[in-house]
Amino acid sequence: MAEFWTGYGLPTLIILAQILGVVIVVLIAMAYLTYAERKVIGFMQLRLGPNVVGPFGLLQPFADALKLMLKETVLPTGANRGVFMIAPVITFSLALVAWAVIPFDDGWVIADINVGILYLFAISSLSVYGIIMAGWASNSKYAFLGALRSAAQMVSYEVSIGFVIVTVLLAVGSLNLSDIVRAQERVWFFIPLFPMFIIFLVSALAETNRAPFDLPEAEAELVSGYNVEYSSITFALFFLGEYISMIVMSAMTSILFLGGWLPPFAFAPFTWVPGVVWFALKIAFILFVFLWVRATLPRYRYDQLMRLGWKVFLPFSLLWVVVTAGALIAFDWLPT
Amino acid sequence: MIIQALAFYLFAIVAVASGAMVISSRNPVHSVLFLILAFFNSAGLFVLLGAEFLAMILVVVYVGAVAVLFLFVVMMLDINFSEMREGFLQYLPIGGAIGLVLLAELVLIFGSWVVSPEAGEVAVSPTPPLGEMSNTAALGQLIYTDFIYLFQAAGLVLLVAMIGAIVLTLRKREGVKRQVIADQVSRRPGDVLEIKKVPSGSGG
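Calculation rules
- Residues numbered from 1 in each chain as written.
- Chains lettered and ligands numbered in written order.
- Predicted model: local features only at pLDDT ≥ 70, side-chain atom pairs only at ≥ 80, totals over all residues.
- Heavy atoms only, no water.
- Helix = DSSP H or I, 4+ residues; strand = E, 2+ residues; numbered from the N terminus.
- Rg over C-alpha atoms; globule rule 2.2 N^0.38 Å.
- Contact = heavy atoms within 4.5 Å.
- pLDDT = per-residue confidence, 0-100.
- 1 Å grid on protein atoms, 1.4 Å probe; cavity = no way out; pocket = protein on both sides within 12 Å on 5 of 7 lines; lining within 4 Å.
- Points joined across faces, edges and corners; volume = space filled by probe spheres on them.
- Buried area = accessible area lost by both parts, 1.4 Å probe.
- Salt bridge = Lys/Arg side-chain N within 4 Å of Asp/Glu carboxyl O.
- Polar contact = N/O pair within 3.5 Å; in protein donor to acceptor, adjacent residues only side chain to side chain.
- Nonpolar A, V, L, I, M, F, W, Y, C, P; charged D, E, K, R; others polar.

**Focus: the overall build of chain A**
- Regarding its fold elements, chain A presents twelve helices and zero strands.
- The globule rule puts the C-alpha radius of gyration for 336 residues at 20 Å, and the 21 Å found for chain A is close to it.
- Along the three orthogonal principal directions, the C-alpha set of chain A runs to about 65 × 60 × 45 Å.
- In chain A, 77% of the contacts between residues at least 6 apart in sequence involve partners at least 24 apart.

This is how it looks when you write it as structure tokens:
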């Protein structure tokens, strides 16, 4: 029995505690991301944003969550019940499981697996299912159109994200996320791989269906897209999933290009600040860029979106993979 | 070890059960969703074998790309389920006979299957020691050294298939307005705008 406790019981408890800790932090971050979004866009449009509930409106996200939970869950007639109920659960849980491999600091990671970056890529390519299942199961033409657009968009931009990841991997020589961060100790990858950083950032916007690529939910033409038939807690799960996957993409960007937990300069006073704080600051910066873009740019047209993905990003990122590989070989910089 | 065995049985049972649901569920969209579940559990089995690279590639390629296209096509189909179930008994004898013939053929083929004596050697010889490197690196070393020609040939086959698909489906339609970015960029204000001075009092 004691053997069982040290062999399985204790590790399971520790892992559960770690998971709980990460999930709570992520959920709170998500709640304040919605608040930050409304505040940032408010200030950019010379408004105040939420300022009624709590001091500076800080309790607004919780009021919204409570409101959503108290509403009635509506099942549309003709909806495919099983798929309709599973779709938001899939979206939400996929957004959360991605956090299993993300290193918050040196060694602060739940699962330090060899193929961490591929795991993240796989999870982000799976998130299309939540949307497409929701659109189909709703039995509504707006939801279905939104889901189809979203699926096409996410599949298209995944290709260039794949090439960006390949470029970074060439420079690192490992698929482990902690190794990717450690490889940036001398220089963060956004300096030598600057074009890929931009491509990744734009593709991340498209992958998370954010403005200016928020065609799947284009309010003006599709009402609200794939989630139009959802209400109450099922809608809340989609909402949570979307914002958490934004945070995941920002974390991925900061790990791949902005040196994860590393300080900007490796001397005091920068080294006094714990790595997790640097990581959080980098994520917050990328998220601010997400919101900034949303407040600044108008929505892309569908054919422009497809042209950008297939005719601009794909050839360019492919070319840059070749250029990077060539440079690494020519100057003998290949990691061993 | 117990946990690994339990995980194996969980993945295996779910994979087999969802495989059975793929062919038995009435709704084709449900079939595709069960197929995805089967892929997912196979990826879990790969992880248990220690082949985490293959597991992730299985999820990225099959679940993330191929199955999405399946789902696309199946969702677009307009199928009347009651019509589909009609005439089930009528076609049962023919379908059953074809199935029996196929089964007999398969039994004949596998019954006379002879494993080449060198097969065992070929399979084990070039594997790098897995204790020293991750299986991603080991796979890369094999594919890009010993099997480089086969790997390139597979890539060429895929390229030809891709070009073929594009050639088969590309068609030029008349009378479609397309955006030509170069034309828009090269357009100058002087080509399309003219500024006229209207003296006060004589306008409009």
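**Comments concerning the confidence of the model for chain B**
Residues and elements named next belong to chain B.
- Of all residues in chain B, 90% have pLDDT values of 70 or greater, and the mean over the chain is 84.
- Predicted confidence in chain B is weakest over helix α4 (residues 81-85), with a mean pLDDT of 65, and strongest over helix α8 (residues 148-169), with 93.
- Predicted complex metrics record ipTM = 0.82 and pTM = 0.84.

**Focus: empty space enclosed by the protein**
All names here are of chain A.
- In total, this model carries one cavity of 30 Å³ or more according to the counting rule given.
- A volume near 250 Å³ is recorded for the largest cavity.
- Among the secondary structure elements, those contributing two or more residues to the lining of the largest cavity are α3 (81-97), α4 (116-126) and α10 (232-256).
- Of all the elements, α10 adds the most residues to the lining of the largest cavity, at six residues.

**Regarding the interface of chain B and chain A**
- The interface of chain B with chain A comprises 27 residues on the first partner and 27 residues on the second.
- Here chain B meets chain A over a buried area of about 2,200 Å², counting both sides, of which 77% is carbon and sulfur.
- Broken down residue by residue, the surface that chain B buries against chain A is led by M56(B), F72(B) and M75(B), which jointly contribute 24%.
- Our count for the chain B to chain A interface comes out at zero salt bridges.
- Counting across the interface, chain B meets chain A through four residue pairs in polar contact (both at pLDDT 80 or more).
- For the side of chain B that touches chain A, the secondary-structure elements that each account for two or more residues are α1 (2-24), α2 (28-49) and α3 (52-76) of chain B.
- No other element matches the 14 residues that α3(B) contributes to the side of chain B that touches chain A.
- For the side of chain B that touches chain A, a count of residues per class yields 20 nonpolar, six polar and one charged.

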